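# Close look at the chain arrangement
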Amino acid sequence: MNNKSKLSNQLSRFWKLLGPGLVTGASDDDPSGIATYSQAGAAYGLSTLWTSLVAFPLMAAIQQMCARIGLVTSQGLTGALKNNYPRPILYVMLLFSFPAIIMNIGADIAGMGAVGNLLFPSIDATYFSVLFTLILLGLIIYLPYQKIASTLKYLCIVMLVYFIVPFLYEQDFAQILKATFIPSIKFDKDFMGILVGILGTTISPYLFFWQASVEVEEMNKNKKHLMVNKRIIHEMNEDVDFGMSFSGFVMYFIILTTGTVLYNGGIHQIDTVEQAAMALKPLAGNLAYLLFAIGIIGTGLIAIPVLSGSLSYIVTETFGWEQGLNKKFHEAKAFYSIIGLSLILGLSLNYVGISPIKALIYTAILYGLTAPVLIAIILHISNNKKIMGEYTNSRTSNILGFSAFIIMTAAALALLYLQFFS
């Protein structure tokens, strides 16, 4: 009984430590990301399974830097840019981030609506899209930050369904192990396009802004802003590592699911998340289909507040307006108005003829162009002792950070080449 009580207390303390890092990791696997991973698995089987191992340390390193910037400076990434770099750089980031995030929100809302229609065919997908938008808008505006953070954290549990789905289908574990640890690369346009898509949807600039800003929110909630020390930094690193590993596992199991069930079933083209869910139904059964569909809605409910919140942090911090999920609507009207506007604009993409898939392509291009610049700036800030004091990057962080910069720069060049020169 004593051992059980001790274990329970340890798990309880660990759960309390989890917060921004877990939510950020979960939001990285949004419906648009699921569509990308599903297409990778359907088109190439298990050939891209190894990418989850490569992406994890790069994701974790960059997100830890962003979180540390928030903790040490008590301001978001936009504030750090604003105070330490020429204004044109900040405005260029805003110019690129705004349309990319809006299109990402629109693609996610459309995906959730389509899956809602799959579960309840008598109700049109557009009604579900409107319903999800209104629910999210109401929750974000009227719930206090503590409730929002807690709700998002518990919603992450929904994503555990992706750890179950692959095992509802007979697997060749020897083949899985080989694909996991031995990279397989095909030097053709389509395969390289999938690799670029996976990288772009995994290491996304909006997560950089969200991570730094929400760490400040957590400090304000817990009154830690006067007590930043190595223990708090260590706890933050654990939170981010867990969140990013959680994200990597979800990515891994989605590719595993579609790379075995759909690829072996002869389904090699998946353009939307609802197609992935529908394709699973006859091949792996109703349970796999339902779990996959429910997971898509759950990830959307996590990701869209993060997307809209990150955009609002960027805009309000740029212009010095009141901001924060810990404030009520009348205390930060501009902040919540931008969140509402971003959701409405995202929803409107369903009615102006921009398909979710085209939106994802445009989003990937914009993310791919801005990510290398942002990573370079994050590396510079994280190594600046005048800003970070004793909490500058370690050698390991710099190695991983510069690796992410090089890979994302190559991805940006590949995106431009694939889209405009081939």
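Structure first, text after, so check above.
Heads up: these notes are all about the structure in this document. This one's a predicted model, so the numbers in the text were calculated from it and none came from an experiment.

## Structural notes on unusual backbone geometry
- Look at Ser 74: it is not a glycine, yet its phi comes out positive at around 60°.
- Structurally, Ser 74 is set in the loop between helix 4 (51-73) and helix 5 (77-84).
- The partly exposed category is assigned to Ser 74, whose relative accessible area is 35%.

## Some remarks on the packing of helix 6 (residues 87-119) against helix 15 (residues 333-348)
- Where helix 6 meets helix 15, the axes come as close as 7 Å, and the angle between the chain directions of the two elements is 65°. With respect to the hand of their crossing, helix 6 and helix 15 are arranged in right-handed fashion. For the pair helix 6 and helix 15, the contacting residues are Phe 98, Ile 102, Ile 105, Gly 106 and Ile 109 in the first and Ser 342, Leu 343, Leu 345, Gly 346 and Leu 347 in the second.
- Residue composition of the contact of helix 6 with helix 15, grouped by class: seven nonpolar, three polar and no charged.

## Here we look at the packing of aromatic side chains
- Using the criterion set out here, one finds 10 aromatic pairs in the structure.
- Note on Tyr 313 and Phe 335: the rings are 5.1 Å apart at their centroids and 55° apart in plane angle, and the pair reads as tilted. Of the two residues, Tyr 313 sits in helix 14 (residues 286-319) while Phe 335 sits in helix 15, which places them 22 residues apart along the sequence. Of the two residues, Tyr 313 and Phe 335, neither departs from the other in class, the shared state being buried.
- Aromatic rings pair up to connect Trp 210, Tyr 313, Phe 329, Phe 335 and Tyr 336 into one cluster.

Thresholds applied
- Residues numbered from 1 in each chain as written.
- Predicted model: local features only at pLDDT ≥ 70, side-chain atom pairs only at ≥ 80, totals over all residues.
- Heavy atoms only, no water.
- Helix = DSSP H or I, 4+ residues; strand = E, 2+ residues; numbered from the N terminus.
- Buried < 20%, exposed > 50% of the residue type's maximum accessible area, 1.4 Å probe, protein only.
- Axes fitted to C-alpha atoms, helices over the stretch in contact; angles between N-to-C directions.
- Left-handed = near helix turned anticlockwise from the far one by under 90°.
- Contact = heavy atoms within 4.5 Å.
- Nonpolar A, V, L, I, M, F, W, Y, C, P; charged D, E, K, R; others polar.
- Phe/Tyr/Trp six-rings, centres within 6.5 Å; stacked < 30°, edge-to-face > 60°.

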